[in-house]
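# Coordinates in review
Chain by chain, the residues run as shown.
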Amino acid sequence: MQPIHLAWVDYTILLAYVAFVLGIGFALTRYMKSSSDFLITGRSIPTWVTGLAFISANLGALELVGMAASGAKYGIATAHFYWVGAIPAMIFLAVFMMPFYYGSKARSVPEYLQMRFNKPVMGLNAIAFAVMTLFASGISMNALAKLLNQLLGWNYHFALFICSGVVLVYVLKGGLTSAIYTEVLQFFMIVLGFAPVVYLGLKDVGGWSAMTHQLHAVAQNPMALDLNTKSFAPDAWTSAWKPLLGGPANNPMGVDIFAIVFGLGFVLSFGYWCTNFLVVQRAMAAKNMTAARNTPIVAAIPKMLFPALVIVPGMIAVALTAMPDKNYRIPPPIIAPAAYTQAVTAVQNANPADPVAAVKAVGDALGKKVNADKITALVAANAANKLSDDQLKEGIYKSVAEYDYDSVIFSLVKKYCPPGLLGLALTALLASFMSGMAGNVTAFNTVWTYNLYQAFFVPNKSDAHYFWMGKFITVVGIGASIACAYFARQYNNAMDIIQLVFGFVNAPVFATFLLGMFWARTTSIGAFLGLFGGIASSTLFHAFSLAHGNLPGVKGGYLGSHFGWNLEFPSEMAQNFWLASFAFGVCFVLTLVISLATRRTKTDEQLKGLVYSLTPKTVDHNQPIWQRPAVAGVALLIGCVVLNIIFW
């Protein structure tokens, strides 16, 4: 993609947003008088704010870039991340788990584990969670730096450091409260910025029916667009469930019903929404128990509808790529200008009578796989009538047979947004990525300060000391996030890498929480060894598994290659689902068996308020029926079922 030039109105919108979020941080500085104010807001925020912040904390690169990328790569089946992989878990959190989190007065999710078990279990979870938040933060900032590089031509490294600096300033000034109110603003910016892109894209492609018609053709011959190496049934990109019924070989995601329902719908989903302190922290900031329980319910309402804003653009991109008259393609990976210059020289020097050598020369120059037919045609066209360097570069760009799916949403914003609307869409992207980083960093600084630094290294210091440490570790967290952003550049789909990270951390810890909250017999040593075994098993699974087409390395298979054997999966997402399922199973079984073999160290009285069977049930009789979490949850589940039937 060629960089675009913003009009003054676009810059005005972008700068106004940056000034506004910085202003929020500076305005809240006077209220930051203690570590509690800075790290956990003092539990003073109303439900509608925590509800929108709850969903917005998830609206970083994972949502906007990753979902659009997966919409292009996997089709409407990506909606399972919402209707199977989010809503049921959010309802479960509201009805069953928030009473324990909020009622125990724990300052974080790991601290609940200390109350339920002991400090070693808390420490292990805190370390794993801290690492996860840094990677999630880095993924958001990598996506933002790529956005500014591809759309505006900014240097990747410059963009990464400048935007990280803005996040650092407003988090240092306003703490978690600043991040939460910025997330509410982000929610409205995303809706306003992306709705026009979806509308204009659908209109350009000819409407929903025309788009699905194009996707039917793509599914039957994805090789024509270099999307896959095999054909599928016509509805592979447009049906949520039917392609899964045929097994992994019959859908582009390469998964089956078990992987979706158990791996995503149970392990990854409940592990993320019920134990991830990043989102639970928003509910724990609510002003009372009722507000805390209603926070996930409020968030679930827009969450059900978000596929229309974030998945449909990816499907539009594939349909447009299949329509030659639209002059669009899903962008290839970022390639250095010098490589394109070498590829132009290779085309100019190529012999039309030897197309194989020409294809190899161009591929070697780019360092990427190229479409042989397109390079052959380009060489022939240049031989017949000398093309300019710009024409050759355009032809080479279109011939790259690899896709950077994370760039889908960027390319659509560039294609459809005129001045003004472009500034609004770019600001929505900027807001989501920066808030994604801020949300993860505020969760990281809380867990580090309270659950690691205070608990293990420097206990019994003054509150002022921990307030200072919270600010210091925020700076460290930003720096570590930048390092993780460079690692995230190895993946072409943000959703693939974030689900891998969740599989390592959230999947095993969910087994620990499930047994700890609902089985009083679970022991501290069982929880610790089970959690450690779950995390270790996920590492081994990744080391001996690989997605089809990937070479051993950061994406897995690094140990299996040494032994001449790797478990192969059709896609990176399938690998992630099975890794999560395996880690959950190992943690669950180890915790169960070791708990039965060891002695309890806490009495029923000590576990009151921490274990479901020993805790008085929360009564909602004083609330209107429509405000009760269980009633609202049932209504939301019915809505999910209806949506799954519509897109079956």
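Scope of this entry: the structure provided in the associated data block. Here the structure is a predicted model, which means the values were calculated and not measured.

A word on the environment of Leu215. Tracing the backbone shows Leu215 in helix α10 (residues 208-220). Residues Leu215 and Ala236 lie 21 residues apart in sequence; the distance between their C-alpha atoms is 8.3 Å. Apart from residues lying up to four places away in sequence, Leu215 is in contact with Pro234, Trp237, Thr238, Met315, Val318 and Ala319.

The α-helix advances 3.6 residues per turn, and as a result positions three or four apart in sequence lie on the same side. Along its 18 residues, helix α28 (residues 629-646) runs 26 Å from first to last C-alpha, staying within 8% of the 26 Å computed at 1.5 Å per residue. Among the residues of α28, those classed as buried are Pro629, Ala632, Gly633, Leu636, Cys640, Leu643 and Asn644. All buried residues of α28 lie within an arc of 120° about the axis, which places them on one face of the element. Within α28, the exposed residues directed more than 90 degrees away from the buried face are Ile638, Ile645 and Ile646.

This next bit is on the nonpolar core. As a rule of thumb, nonpolar side chains are buried together in soluble globular proteins. In this structure, Tyr101, Leu426, Leu429 and Phe577 are the most contacted members of the largest nonpolar core, which totals 185 residues. With 17 residues, helix α9 (residues 156-205) is the single largest residue contributor to this core. Here this core gathers at least three residues from each of two domains, domain 1 (8-217 + 273-320 + 411-490) and domain 3 (492-616). By size, the runner-up hydrophobic cluster in this structure holds 21 residues, among which are Ala343, Ala346, Val359 and Ala365.

So, on to the pattern of salt bridges. A pair can form between side chains of opposite charge whenever their charged atoms are brought close. As enumerated under the stated definition, the model contains 6 salt bridges in all. The shortest N-O distance in the salt bridge between Lys326 and Asp204 comes to 3.0 Å. With Lys326 in the loop between α16 (312-321) and α17 (337-348) and Asp204 in helix α9, this residue pair connects regions lying 122 residues apart in the sequence. On the basis of relative accessible area, Lys326 is assigned to the buried category, the value being 19%. The salt bridge partner of Glu394 is Lys398, with a shortest N-O separation of 3.9 Å.

The next point concerns a nonpolar patch on the surface. A grouping of Leu540, Tyr558, Leu559 and Phe563 is seen on the molecular surface, where their side chains present a nonpolar patch of about 400 Å² in accessible area. Checked against the element boundaries, Leu559 lands in the loop between β1 (545-547) and α26 (560-563).

Moving on: the environment of Leu590. Assignment of secondary structure puts Leu590 in helix α27 (residues 572-597). Each C-alpha atom, one on Leu590 and one on Phe532, is 9.6 Å from the other, the two residues being 58 residues apart in sequence. With near-sequence residues (within four places) excluded, Leu590 lies in contact with Leu529, Gly530 and Gly533.

For the rest of this paragraph, the subject is the packing of α16 against helix α21 (residues 408-416). Interhelical geometry of α16 versus α21 gives an angle of 75° and a closest axis separation of 10 Å. The angle between the axes of α16 and α21 places the two elements in the roughly perpendicular class. For the pair formed by α16 and α21, the contact residues are Pro313, Gly314, Ala317 and Leu320 on the first element and Val408, Ile409, Leu412, Lys415 and Tyr416 on the second. Here the residues of the contact of α16 with α21 are counted per class, giving 7 nonpolar, 1 polar and 1 charged.

Taken as a whole and judged by the stated rule, the model has 30 aromatic pairs. On the basis of an interplanar angle of 75° and a centroid distance of 5.9 Å, the ring pair of Phe262 and Phe584 is categorised as edge-to-face. With Phe262 in helix α12 (residues 257-275) and Phe584 in helix α27, the pair connects residues that are 322 residues apart, well separated along the chain. Grouped by ring-pair contacts, the aromatic residues Phe92, Phe96, Phe258, Phe262, Phe266, Phe270, Phe510, Phe518, Trp578, Phe584, Phe588 and Tyr612 constitute a single cluster. Above the face of the Phe456 ring, Lys119 is positioned so that its terminal group lies 5.1 Å from the ring centre. Positioned above the aromatic ring of Tyr397, the side-chain terminus of Arg329 is 5.6 Å from the ring centre.

Quick notes on the rules
Residues numbered from 1 in each chain as written. Predicted model: local features only at pLDDT ≥ 70, side-chain atom pairs only at ≥ 80, totals over all residues. Heavy atoms only, no water. Helix = DSSP H or I, 4+ residues; strand = E, 2+ residues; numbered from the N terminus. Contact = heavy atoms within 4.5 Å. Expected span 1.5 Å × (residues − 1). Buried < 20%, exposed > 50% of the residue type's maximum accessible area, 1.4 Å probe, protein only. Arc of directions from axis to C-beta. Core = buried A, V, L, I, M, F, W, Y, C linked by side-chain atoms within 4.5 Å. Domains from an automatic or database assignment. Salt bridge = Lys/Arg side-chain N within 4 Å of Asp/Glu carboxyl O. Patch = residues over 30% accessible without salt bridge, like charges linked within 9 Å, V, L, I, M, F, W, Y side chains within 5 Å. Areas by Shrake-Rupley, 256 points an atom, 1.4 Å probe, with all protein chains shown as cover. Axes fitted to C-alpha atoms, helices over the stretch in contact; angles between N-to-C directions. Parallel < 35°, antiparallel > 145°, perpendicular 65-115°, else oblique. Nonpolar A, V, L, I, M, F, W, Y, C, P; charged D, E, K, R; others polar. Phe/Tyr/Trp six-rings, centres within 6.5 Å; stacked < 30°, edge-to-face > 60°. Lys NZ or Arg CZ within 6 Å of the ring centre and 35° of its normal.

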